[in-house]
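Residue-level listing of the chains:
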Amino acid sequence: MGPAKRIQPAKLMRVIPPDMNRCAARFCLLALTIGFLLTIAFPSALGAQENRSGEIVANLAAGRVVFCVTRDSIIVAAVAGGGEVGSRPPAVLPVGPGRIGVLLGAIEWTAPDAGKATRLDSELPAVAANALRRPTQKATDQASEIEAIGVGMLEEIRPLVDQIHHKLDLPPEEPLVELLLADYVQDYGPEIWSLQYHVRQQDLGKDYWQTRLLRPAYVQLYPPEKGQPRTFVEAGYPADVPQLRLADRLARHDPQLDRIANSSRDMSESVASIAAGNSIKALSSPTSDFMRAAIPLAVGDQTTLVMALLDMNRGFQWLLAPQEPIPPGKIQQQPTEPDAPSLRNRGPRPQ
């Protein structure tokens, strides 16, 4: 997104030529007075024009995410792809000791006058911690932890979205931001959720748009419905990015994946359990080894793979940490490249 053209407000002070007759001068002063009164009566219209000089920029994180719930852990792997050249890979991070988070979509925001960029992956751990600080006595109708984190992120994203005043190049079904959360719930077991933040826009005229962030939609990805297979869980951004369909490829005995799966007995047995819809019987170590080899092969990208797991007893662990560590908190603003992918100018997607 680049800055919109600045529309200069009309000046209230003008010089009347000395040879202008008295009647014309009175008419000019009357017109100026009316213009001044209209400015006072409708300050928002003038303010809208003045603010057009500073558009906020949002850079996207795009790619594919694969979860697998094994006997004693939740494994997540993420790889870039499907977005414009220059997009960030999905941001995988610990959200406290007992939860994995993955952020997709508009995760890095830069306001021209702010001097700093806002990285949602940097802010998520603190947002989640603040959202989960609750009194000891919980009300019976109190929202779940997932809902509390969802509302906390809503309040973090809303001030950024309020600064968008141009038409977004965003399909109606595609969220602006998507947050994937995986954890273990006491007396329930493993769960994976997708929190989707959509926006609604209204044209106020003269190509000036009001953008409103909607409350998140909560979509449970795991566990599946009773009787459904427990296998790989896939997600991706943007919405039309092709999924890897690892489970389908295993069922078809894809030669490339079969070659990887048969590299050891433990891996063969674990992959067979996953292919049969019983991933909770698979061992974590051979499953993660299979995913580390199979996902880059399926995507054709060996450079951006990030992997982590959530151990049922020991919590979050990196298996393959990101090349670029997530900064703690706000970061200094970096110059935005003219052709960087954004919400306003998505650009062509590689095939």
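Owing to the predicted nature of the structure, the values given are computational and were not obtained by experimental measurement. (Residues numbered from 1 in each chain as written. Predicted model: local features only at pLDDT ≥ 70, side-chain atom pairs only at ≥ 80, totals over all residues. Heavy atoms only, no water.)

Student: Could you clarify how one ought to interpret the environment of Glu 174 in this entry?
Tutor: When you line up the elements, Glu 174 lands in the loop between helix H4 (145–161) and strand E7 (177–185). For the pair Glu 174 and Gly 105, spaced 69 residues apart in sequence, the C-alpha separation works out to 9.3 Å. At 3.1 Å, the side chain of Glu 174 forms a polar contact with the backbone nitrogen of Ala 239. (Helix = DSSP H or I, 4+ residues; strand = E, 2+ residues; numbered from the N terminus. Polar contact = N/O pair within 3.5 Å; in protein donor to acceptor, adjacent residues only side chain to side chain.)

Student: Sorry if this is basic, but what is going on with the nonpolar core here?
Tutor: Side chains of nonpolar character tend, in soluble globular proteins, to be buried together. Ranked by size, the top nonpolar core spans 56 residues in total, and within it Phe 67, Leu 103, Trp 109, Leu 120 and Met 153 carry the most contacts. With near-sequence residues (within four places) excluded, Leu 120 lies in contact with Leu 103, Ala 106, Ile 107, Trp 109, Met 153, Glu 156, Ile 157, Leu 160 and Val 177. Core analysis: the second largest hydrophobic core is formed by 23 residues, Cys 68, Ala 77, Ile 274 and Ala 282 among them. (Core = buried A, V, L, I, M, F, W, Y, C linked by side-chain atoms within 4.5 Å. Buried < 20%, exposed > 50% of the residue type's maximum accessible area, 1.4 Å probe, protein only. Contact = heavy atoms within 4.5 Å.)

Student: How should I be thinking about the packing of helix H3 (residues 120–131) against H4 in this particular structure?
Tutor: When two helices pack together, you describe them by how their axes are tilted relative to each other and by the distance separating the axes. Contact pair H3 / H4: the axes reach a minimum separation of 8 Å and the direction vectors enclose 135 degrees. By the angle between their axes, H3 is oblique relative to H4. Relative to H4, H3 is oriented so that their crossing is right-handed. Note on element contacts: H4 touches H3 through Ala 148, Ile 149, Gly 152, Met 153, Glu 156, Ile 157 and Leu 160, opposite Leu 120, Glu 123, Leu 124, Val 127, Ala 128 and Ala 131. Within the contact of H3 with H4, the residues separate by chemical class into ten nonpolar, one polar and two charged. (Axes fitted to C-alpha atoms, helices over the stretch in contact; angles between N-to-C directions. Parallel < 35°, antiparallel > 145°, perpendicular 65-115°, else oblique. Left-handed = near helix turned anticlockwise from the far one by under 90°. Nonpolar A, V, L, I, M, F, W, Y, C, P; charged D, E, K, R; others polar.)

Student: Explanation requested: the side chain of Glu 108 in the structure shown.
Tutor: Structurally, Glu 108 can be placed in strand E5 (residues 99–110). For Glu 108, a relative accessible area of 8% puts it in the buried group. A distance of 2.8 Å separates a polar atom in the side chain of Glu 108 from a polar atom in the side chain of Arg 88.

Student: Got a minute to help me understand the packing of helix H7 (residues 265–275) against helix H8 (residues 284–299) in this structure?
Tutor: The interhelical angle for the contact between H7 and H8, taken along N-to-C directions, is 85 degrees, at an axis separation of 8 Å. By the angle between their directions, the pair H7 and H8 is classed as roughly perpendicular. Between H7, through Asp 266, Met 267, Ser 270, Val 271 and Ile 274, and H8, the contact on the second element is made entirely by Pro 286, Thr 287, Asp 289 and Phe 290. When its residues are assigned to classes, the contact of H7 with H8 shows five nonpolar, two polar and two charged.

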